[in-house]
Amino acid sequence: MSADPKVLLADLLKAALKSVAPDQADTPILLERPKQANHGDFATNLALQLAKPLKRNPRELAALLLAELPPSTLVLKTEVAGAGFINFTLATAAKTAVVSEVLAAGADFGRGAKKNVKVQVEFVSANPTGPLHVGHGRGAAYGASLSDVLAFAGYDVTREYYVNDAGRQMDILALSTWLRYLAGFGIEIPFPPNAYQGDYVLGMGCDLRDAHQDRFAGVTAAQVLEGTPGLPLADRKDDEAKQQRELHLDALIANAKRLLGDDYPWVHGFVLNEQLSDGREDLGEFGVRFDKWFSEQSLFDTGLVERAVAQLEQQGHVYLQNGARWFRSSAFGDEKDRVVQRENGLYTYFASDIAYHLNKYERGFDRMIDIWGADHHGYIPRVKGAIAALGLPPEKLDVALVQFAVLYRDGQKTSMSTRSGEFVTLRELRKEVGNDACRFFYVLRKSDQHLDFDLDLAKSQSNENPVYYVQYAHARVCSVLNQWGGERAELAAADLGQLQNERELALCARLATFPELVQSAADDYAPHQIAFYLKDLAADFHSWYNAERMLVDDEALKLARLALAEAVRQVLVSGLAVLGVSAPQSM
RNA sequence: CUGCCCGUAGCUCAAUCGGAUAGAGCACCGGCCUUCUAAGCCGGGGGUUGCAGGUUCGAUUCCUGCCGGGCAGGCCA
């Protein structure tokens with residue numbers, strides 16, 4: 001086990017710095033891996049940083065630093081380059097040492113030390129009012145990969161789904177299902193255009209009948225429609241017509257609650273449960289699991305919503321206007337104040353969200369990450385404002401926005417609304433593209449970048465998806481190791497000095513960056529870095545594979561090369577695991 | 001109108017918190033399978049990083065102003 005060359009180099013530089021410029025001894029030593037191979041294995045801009053305070057030529061300073069650099073077997077060559085960079089080329093043994101490190105650490109190579117920092121990641125949190133669609137899929141893939149990256153980097157991660165089981169949308173779904181159910185008994189009520197149209201609602205209507213027969217069917221169409229304003233003509237799109245449709249829907253919901261009485265919560269619960277288990281199954285198949293499903297309704301049941309608003313009120317951040325309670329969020333960076341309790345006494349969604357975040361803080365997380373769709377960006381100031389108003393530290397909460405995924409089919413954008421009934425579900429997408437390609441594709445770009453998901457491309461040319469490129473590298477290693485047929489333990493004893501050629505050393509350098517890459521991906525909330533790294537690692541491997549044979553007659557060389565291949569395989573497995581992608585033995 | 005995000009090769013995207021000659025894939029052109037998997041490799045052409053300024057040794061990155069695209073601005077969830 002050798003120590004990290006980066007740390008050792010930094011120590012050497014620190015010593016040199018101390019003797020060249022004692023006054024500047026606290027200058028941070030920044031070591032980076034140059035993009036270009038002929039710039040060595042590590043480079044520092046230390047001399048450039050010192051040039052200004054010392055008022056000296058950076059190249060001269062670089063030369064001075066090198067002259068004072070303590071000797072080390074680690075370093076093969078140093079040079080001053082460009083404007084005043086110092087480039088280091090490592091000794092071959094220092095480069096290949098990573099192979100034995102990987103073999104010794106196995107799946108733990110690259111894993112960060114336990115940080116004892118509790119991080120909560122909340123993601124997906126889609127309304128349980130219909131199947132997940134491709135937009136949710138992106139949030140799911142991003143959240144799951146981010147969680148896994150953080151966990152791998154050493155954080156203690158809790159994955160959580162916030163279930164919006166309270167509120168009007170769930171009532172609309174319960175009503176929609178009930179109306180479909182009633183139709184099955186010949187009780188025909190015109191289906192409202194703003195109710196949930198999807199086929200899955202018909203299915204739930206049938207399921208409801210299978211489970212409870214005619215228990216909820218003891219009504220007449222006239223009773224259900226009693227007191228409703230009726231529906232305007234379908235082609236009317238004016239505001240008045242829209243408003244009438246909403247009123248009609250609310251009246252139907254009120255009738256449903258009145259007519260069903262104590263049975264309404266049964267229907268509501270039935271519908272909620274169907275949707276939740278459907279979503280859980282869907283996400284599970286996608287490799288996305290949650291540690292906790294947090295119910296919005298529970299915030300009301302435990303009185304936390306009331307308490308949160310009361311707490312804000314005690315601090316003097318709430319006022320009454322037009323019969324409603326307003327949170328003075330404009331005093332906390334929001335552009336205007338927000339209603340937390342409506343004139344009719346009902347709390348707004350925002351109020352329960354305040355309570356939810358209060359609950360998160362009370363659970364003692366050191367950091368919380370909310371993953372939202374980018375359309376919610378305007379929501380950030382009010383939530384952070386509420387947190388600050390409650391006297392809690394807003395900087396513990398990070399909101400990661402995920403841009404929309406836009407689906408293209410036949411070169412045309414495809415609608416994804418859950419209300420229109422025409423949308424592409426995550427299930428359909430997974431079936432067409434496959435889970436592996438799907439997970440990889442979703443995370444292959446920065447989260448704040450728009451995602452054009454071309455279905456035809458994903459479907460017809462799925463073999464060209466980059467995920468296969470990475471998996472293929474893994475399968476190739478497996479194949480070679482199988483044909484060799486030896487024991488993995490033999491590889492640990494390989495003489496790594498046999499690894500001499502450029503491609504082998506490049507592979508070693510690539511492997512050596514994996515631990516810091518994991519850290520960087522975690523720090524930046526950027527799991528896409530893992531995906532790009534795996535592509536690069538696979539490219540280095542394929543290039544080497546085509547240029548050199550592993551199963552050669554020279555026993556020492558063979559073992560060394562197999563050891564390197566096995567190290568590559570291990571890192572591919574670790575990286576793919578973080579992304580929720582399988583690593584097949586053969587393809 | 002106001003706020004946030006984004007403009008990088010023909011297309012889809014990277015670029016190590018300000019670094020050196022801006023990189024991949026797809027597409028296009030030319031090579032490599034009697035040898036460990038050709039879902040692969042090697043080579044080639046392709047760019048004023050939207051535009052104009054500013055900050056400094058150095059800018060795709062930071063600041064200002066324009067241009068263009070997306071999203072948001074409910075007592076909805």
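The shown structure was predicted, so the numbers you read here are calculated from the model rather than taken from an experiment. (Residues numbered from 1 in each chain as written. Chains lettered and ligands numbered in written order. Predicted model: local features only at pLDDT ≥ 70, side-chain atom pairs only at ≥ 80, totals over all residues. Heavy atoms only, no water.)

Caption draft 1: View of helix α21 (residues 514-523). Every buried residue of α21 is accounted for by F514, L517, V518, A521 and A522. All buried residues of α21 project into a common sector of 135° when viewed along the axis, lining one side. Elements that come into contact with the buried residues of α21 comprise α5 (134-152), α20 (502-512), α22 (528-547) and α23 (555-578). Once α21 finishes, Y525 follows within two positions and takes phi at roughly 55°, a positive value. (Buried < 20%, exposed > 50% of the residue type's maximum accessible area, 1.4 Å probe, protein only. Helix = DSSP H or I, 4+ residues; strand = E, 2+ residues; numbered from the N terminus. Arc of directions from axis to C-beta. Contact = heavy atoms within 4.5 Å.)

Caption draft 2: Here's a closer look at the sheet that holds strand β2 (residues 42-44). Taken together, the 4 strands give an open sheet; going across it, the order is β1-β2-β4-β3, and neighbouring strands pair in antiparallel fashion. In this open sheet, the two edge strands, each paired with only one partner strand, are β1 (31-32) and β3 (75-81). Strand direction decides the pairing type here: β2 and strand β4 (residues 85-90), joined by 3 bridges, are antiparallel. Within β4, the position partnered with F42 by the bridge is F88. Taken strand by strand, helix α3 (residues 58-68) contacts β3 and β4, and its axis lies near 160° from that of β3. (Pairing = 2+ DSSP bridges. Axes fitted to C-alpha atoms, helices over the stretch in contact; angles between N-to-C directions.)

Caption draft 3: Geometry of the protein's contact with RNA strand B. Taken together, the neighbourhood of RNA strand B is formed by 62 residues, with Y469, Y472, R476, S479 and E548 sitting nearest. The protein-proximal atoms of RNA strand B, defined as those within 4 Å of the protein, are 58% sugar or phosphate. Contact distances for RNA strand B include 3.2 Å between a base nitrogen and a backbone N or O atom of N322. A per-element tally of the surface near RNA strand B places helix α18 (residues 466-484) first, with 8 residues. Residues that form the surface near RNA strand B fall into these classes: 21 nonpolar, 22 polar and 19 charged. (Near = heavy atom within 4 Å. Polar contact = N/O pair within 3.5 Å; in protein donor to acceptor, adjacent residues only side chain to side chain. Nonpolar A, V, L, I, M, F, W, Y, C, P; charged D, E, K, R; others polar.)

Caption draft 4: Highlighting the packing of helix α15 (residues 426-433) against helix α16 (residues 435-442). Orientation of α15 relative to α16, taken along the N-to-C sense of each, is 110°, at an axis distance of 7 Å. Classified by the angle between their axes, α15 and α16 sit roughly perpendicular to one another. Contact residues: L426, L429, R430 and V433 in α15; N435, A437, C438 and Y442 in α16. (Parallel < 35°, antiparallel > 145°, perpendicular 65-115°, else oblique.)

Caption draft 5: Highlighting the packing of aromatic side chains. This structure, assessed with the given rule, holds 22 aromatic pairs. Judged by centre distance (6.4 Å) and plane angle (45°), the rings of F300 and Y347 are tilted. Here F300, found in helix α11 (residues 296-301), pairs with Y347, found in the loop between β10 (338-341) and α13 (349-362); they are 47 residues apart in sequence, far enough to count as distant. Residue class for F300 comes out partly exposed when judged on its relative accessible area of 29%. On the basis of relative accessible area, Y347 is assigned to the partly exposed category, the value being 21%. (Phe/Tyr/Trp six-rings, centres within 6.5 Å; stacked < 30°, edge-to-face > 60°.)

Caption draft 6: Region of interest: the sheet that holds β10. Pairing is antiparallel in the open sheet, where 3 strands are placed in the order β8-β9-β10. Either end of the sheet is taken by a strand with one partner, and the two such strands are β8 (318-321) and β10. Direction aside, neighbouring strands of the sheet carry axes that sit 45° apart on average.

Caption draft 7: Molecular detail of unusual backbone geometry. Of note in the backbone geometry, N116 takes a positive phi value of approximately 55° without being a glycine. As for its position among the elements, N116 is in the loop between α4 (92-105) and β5 (118-122). Of the residues examined, N116 reaches a relative accessible area of 69% and is grouped as exposed. Unusually for a residue other than glycine, S125 sits at a positive phi of about 45°.

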